[in-house]
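Below are the chains, spelled out letter by letter.
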Amino acid sequence: MSMKDQAAVVGVGATEYYRRGQSYPTESELSLVCKAILAALDDAGLKVQDIDGFALYASSFEPAEVAAALGVPEVRYTATTTGGGGASGASIGLAASAIHAGMATCVVTAYPVQQAKRRYGGSAVATDNGAQLTYGNAALGISSPYTGFSSNSGLLGPGHAAALIAQRHMYKYGTTREHFAEIAISTRDNASRRPKALKKSPLTLDDYFNARMIAEPLCLLDFTLETDGCVAAITVSAERAKDLRHPPVYVMGSAHGGPGRTGPLNWKWLQMAEDDLVSSGSRYPAKRMYEMAGVGPEDVDVALIYDNFAPMVLMQLEDFGFCPKGEGGPFVADGNIRWKTGSIPVNTHGGNLSEAYLLGMSHIMEAVEQLRGTAVNQVDGAEIALVTGGTSLLPMGGTLLRK
Amino acid sequence: MTATSSFGEIRKGVFPSMQKHTFADPTTQPFWDAARVGRLIVPCCTRCGTFRLPPYPICYACQSFDLEWVELTGLGTVYSYTVVHHPLHPDLVDAVPYLSAIVELDGTQGEGARMLANVIDCEPGEISIGSRVRIIFEHVNDDMSTPRFRLVRGDEK
Ligand SMILES: [Zn+2]
């Protein structure tokens, strides 16, 4: 029996959202994650004493430290997916699988972000300790024999890889910058009504084309914000979920993975077959996620899509089946992702592009609020929500939640 | 225009060789030995003929560990590129804008043996997907020679 509908997200909670570095020194990663977990427990009507598991992605924090700090009585399950933000949505699937397997009963998922000392975006260049290369640097203990094949290319982070992928998508399918702009503009429109959003002022097409170039064809408005903060989610069994504070949000299906040739960090790799390179890599886990849930993209009411870069939203719309491959540009240009009027509203919370960048956890929170009917930008009658993970390295992932 | 920085000399359009050591192992050392003398060699599976980069010890197409190093012409085609305008480090201010590209090498199957490299001596408007390029190696020291590409211009054809 699959884990379909066997577990439910019952609590979500968040800290304040800060611009990059602004949470320091009043907060630490440990204080941020503890505050978010307590908020999520309170939302669920649960206590620290109920927690017995941690299902993470990208080794986002050390469960031993957080359990000790919080005073969790007994830890029965700790696991993390490998990779980066790609498995953010799928980490809820990891929690559900632990519960379904009987290994844990109340599982925490969270991702604290504090970028005072390290920026996620400029991954190859550390700026806090001078001009040091953080890979290919023996002094920092990172000396792979393979880094030399990319490190002097000038490609330094996930945004540069997204630029290369977007450029090839434009060449292959005729996608334009206007298409990327629609993602930035529609996401900002959603954020404009969100009290917590870090960017609220409406964007026009002129604003987009006047924004400074970062790495062609991507401009500043194609890039995620840089944020400090934390969002946490609590997952329990479907049975237990019935007695808690809010209506359960069931985990219908979840999968992570991608083409085996996706390779490590994509700005150091990009060796995969064309159909996988010019994509988000998500169509493989998407297929398995829909199969587990027994539904298709036409059944999804709202999509919370990992938006590290606007073009990767467009490619995920293709890979999660909302439009045919290569047609993401015309699909968004036709207004399909707009709140209220579109066929599949996307990132109703303002996403990473305009609300806050918390490596996908805010997307999980928004999915839960949509399915409870309490979202700021509520999609009328939303019953099924998709949450996806990012696109910079294996695994990518997605989870379908339902009310 | 040149300037000095913690990365060494900085020239517009040229990404500095930040990594100065190859950390080579037995399966990557031959590439750097050839690079030092300006030659491009790439491992090719002797069982199935698939080229691969970076030089992993095993063939991803047939799982053979047997390989031969094949010398290529150094010519290739731009598969995709980006013009980097924003310096990710303050010392890169005088290097931007620079071009970084994915290059598919002549004589290989393309995917699986692509090179990621800085394209130099090229204005941003001069490059496009499909542009023909030729490799050059910048001698950094006796260990590292950085591969870069230049456009193959009309008068060189
Ligand atoms: Zn082979």
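Note that the coordinates shown come from a computational prediction; the quantities given were computed from them, not determined experimentally.

Engineer: Give me the confidence of the model for chain A: which residues, what numbers.
Structural biologist: Per-chain confidence: chain A averages 93 in pLDDT, with 94% of residues scoring 70 or above. Scored below 50 in pLDDT, residues 127-141 of chain A makes 39 contacts in the model with residues more than four places away or belonging to other chains.

Engineer: Outline the pattern of salt bridges, listing residues and values.
Structural biologist: It is possible for side chains bearing opposite charge to pair when their charged atoms get close. Summed over all chains, the structure comprises 26 salt bridges over all chains. With a shortest N-O distance of 2.8 Å, Arg 372 of chain A and Asp 43 of chain A are connected by a salt bridge. Residue Arg 372 of chain A is found in helix 13 (residues 361-372), and its partner Asp 43 of chain A is found in helix 1 (residues 29-44); the two are separated by 329 residues along the sequence. Take Asp 43 of chain A: its relative accessible area is 17%, and that puts it in the buried class. A salt bridge links Glu 104 of chain B to Arg 114 of chain B; the shortest N-O distance between them is 2.8 Å. With Glu 104 of chain B in strand 6 (residues 98-105) and Arg 114 of chain B in the loop between strand 6 and strand 7 (115-120), this residue pair connects regions lying 10 residues apart in the sequence. Because the salt bridges share partners, they merge into one network encompassing Arg 194, Glu 355, Glu 366 and Glu 369 of chain A.

Engineer: Explain helix 10 (residues 310-319) of chain A to me, and be specific about the residues and the numbers.
Structural biologist: Residues and elements named next belong to chain A. Across the 10 residues that make up helix 10, a large majority, 10, are buried. Buried residues of helix 10: Ala 310, Pro 311, Met 312, Val 313, Leu 314, Met 315, Gln 316, Leu 317, Glu 318 and Asp 319, and no others. Two residues or fewer after helix 10 comes Gly 321, characterised by a positive phi angle close to 85 degrees.

Engineer: Before we move on, can you summarise the pairing of strand 6 of chain B with the specific residues and values?
Structural biologist: Residues and elements named next belong to chain B. Among the 8 residues that make up strand 6, 7 are buried, leaving the element largely enclosed by the rest of the structure. For strand 5 (residues 75-84) and strand 6, the ladder comprises 8 bridges, and the chain directions are antiparallel. Looking at the pairing, Gly 76 lines up with Leu 105 of strand 6. Looking at chain direction, strand 6 and strand 7 are connected through 5 bridges and run antiparallel. Along strand 7, the bridge assignment pairs Ile 102 with Leu 116.

Engineer: Describe in detail the packing of helix 5 (residues 177-191) of chain A against helix 10 of chain A, supporting the description with residues and values.
Structural biologist: Residue and element names in this part refer to chain A. At a closest axis distance of 8 Å, the pairing of helix 5 and helix 10 adopts a crossing angle of 95 degrees. In terms of axis orientation, helix 5 runs roughly perpendicular to helix 10. Across from His 179, Phe 180 and Ile 183 in helix 5, the residues of helix 10 making contact are Ala 310, Pro 311, Val 313 and Leu 314. Taken together, the residues of the contact of helix 5 with helix 10 sort by class into 6 nonpolar, 1 polar and no charged.

What counts, and where the lines are drawn
- All residue numbers refer to positions counted from 1 along the written sequence of the respective chain.
- To read the labels, note that chains go from A and ligands from 1, taken in the order they are written.
- Confidence filtering applies because this is a predicted model: local features only for residues at pLDDT of at least 70, side-chain atom pairs given and counted only at 80 or more, and all residues used for totals across whole chains, interfaces and linings.
- Excluding hydrogens and water, the side-chain values take into account all heavy atoms of the structure.
- Each residue carries a pLDDT score, the predictor's own confidence in it, on a scale running from 0 to 100.
- The contact definition used throughout considers only heavy atoms, calling two residues in contact when any of these lie within 4.5 Å.
- Salt bridge, as used here, is a side-chain nitrogen of Lys or Arg placed within 4 Å of a carboxyl oxygen of Asp or Glu.
- Comment: elements are numbered from the N terminus, with helices defined as DSSP H or I runs of at least four residues and strands as E runs of at least two.
- Residue burial is assigned from relative accessible area. The probe radius is 1.4 Å, only protein chains are included, and a residue is buried under 20% of its type maximum, exposed over 50%, and partly exposed in between.
- Each pair of strands is called paired provided DSSP finds at least two bridges between the two strands.
- A fitted line through C-alpha atoms serves as each axis, taken over the contacting stretch for helices, and the angle formed by two N-to-C directions is quoted from 0 to 180°.
- We call two directions roughly parallel when the angle between them is under 35 degrees, roughly antiparallel when it is over 145, roughly perpendicular when it lies between 65 and 115, and oblique otherwise.
- The classification used treats Ala, Val, Leu, Ile, Met, Phe, Trp, Tyr, Cys and Pro as nonpolar, Asp, Glu, Lys and Arg as charged, and all other residues, Gly among them, as polar.

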